Amino acid sequence: MLVVWSSENVGLLVQKLGLHGVAVGTGSNPPNPGEAKVLLCMGTRPLNKLVELGVLPKNRTIGSLRNKPFDALIWGQKVTVFVTYSPSILNRDYGCYVDMLCDLRFIHRFAVTGK
């Protein structure tokens, strides 16, 4: 299972892409992953929070962290963390929006198959 964490509502995006077994978390703190083994962090606010918690390295851009798995302990549970752009990137850079859609599908496949 996959948990998507963003400061924006991404439920409609997940629904439009037809991704099943995806939980959505919003807010300033990481969501409790529950049974999920993969956490997708979307955007700079969640990224900064994970840097603050020591999960991700400092002074790195989203572009440099994309598609790289990071093992982390969140809420006492071991999860694999991925980072991608926020859905609102559509309003600023369509190329990054396409990258975000590809990342979302790749990470969903990783969560389902483990590869």
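Remember, predicted model here, so these are calculated numbers, not experimental data.

### Thoughts on the overall build of the chain
Okay, so step 1: Scanning the chain from N- to C-terminus turns up 4 helices and 5 strands.
Okay, so step 2: The C-alpha atoms of the chain give 13 Å as radius of gyration, which agrees with the globular expectation for 115 residues (13 Å, within 12%).
Okay, so step 3: Taken along the three principal axes of its C-alpha coordinates, the chain extends 35 × 30 × 25 Å.
Okay, so step 4: Among the 115 residues that make up the chain, the fraction classed as buried is 47%.
Okay, so step 5: Of all intrachain contacts in the chain linking residues separated by at least 6 positions in sequence, the fraction that spans at least 24 positions is 57%.
Okay, so step 6: For the chain, the accessible area works out to roughly 6,300 Å², and carbon and sulfur atoms hold 52% of it.
Okay, so step 7: Of the side-chain charges in the chain, 13 are positive and 7 negative, and the distance between the mean point of each set is 3 Å.

### What to know about the packing of aromatic side chains
Okay, so step 1: A full pass over the atoms with the stated rule returns 3 aromatic pairs.
Okay, so step 2: Relative to Phe-106, the ring of Phe-82 lies with its centre 6.0 Å away and its plane at 90 degrees, an arrangement referred to as edge-to-face. Here Phe-82, found in strand β5 (residues 77–84), pairs with Phe-106, found in helix α4 (residues 94–113); they are 24 residues apart in sequence, far enough to count as distant.
Okay, so step 3: Taking the relative accessible area as the measure of exposure, Phe-82 reaches 1% and is therefore buried.
Okay, so step 4: Between Tyr-94 and Tyr-97 the ring centres are 5.9 Å apart and the planes differ by 35 degrees, which places this aromatic pair in the tilted class. With a gap of 3 residues between them, Tyr-94 and Tyr-97 both fall in helix α4, about one helical turn apart.
Okay, so step 5: The exposed category is assigned to Tyr-94, whose relative accessible area is 54%.
Okay, so step 6: An aromatic cluster of three or more residues is present, and its members are Phe-82, Phe-106 and Phe-110.

Conventions adopted
- The residue count restarts for each chain, going from 1 along the sequence in the order it is written.
- Only residues with pLDDT of at least 70 are given local features in this predicted model, and only at 80 or more are side-chain atom pairs given and counted; all residues enter the totals for whole chains, interfaces and linings.
- Side-chain figures throughout are based on the complete set of non-hydrogen atoms in the structure, without hydrogens or water.
- In this text, helices come from DSSP runs of H or I with a minimum length of four residues, and strands from runs of E with a minimum of two, each type numbered from the N-terminal end.
- Radius of gyration means the value over C-alpha atoms here, while the globule rule gives 2.2 Å times the residue count to the 0.38 power.
- The cut-offs for exposure are 20% and 50% of the maximum accessible area for each residue type, with area from a 1.4 Å probe on protein chains only; residues under the lower value are buried, those over the upper are exposed, and the others partly exposed.
- Residue contacts follow a heavy-atom distance rule, with two residues in contact if any of their heavy atoms lie within 4.5 Å.
- Residue exposure ignores everything except the shown protein chains as possible cover, and the areas themselves are Shrake-Rupley values with a 1.4 Å probe.
- Counting rule for charge: Lys and Arg are taken as positive, Asp and Glu as negative, and neither His nor the chain ends is counted.
- For this purpose, a charge sits on NZ of Lys, CZ of Arg, CG of Asp or CD of Glu.
- Here a Phe, Tyr or Trp ring, Trp counted by its six-membered ring, pairs with any other such ring whose centre lies within 6.5 Å, and the pair is stacked when the planes are under 30 degrees apart, edge-to-face when over 60, and tilted otherwise.

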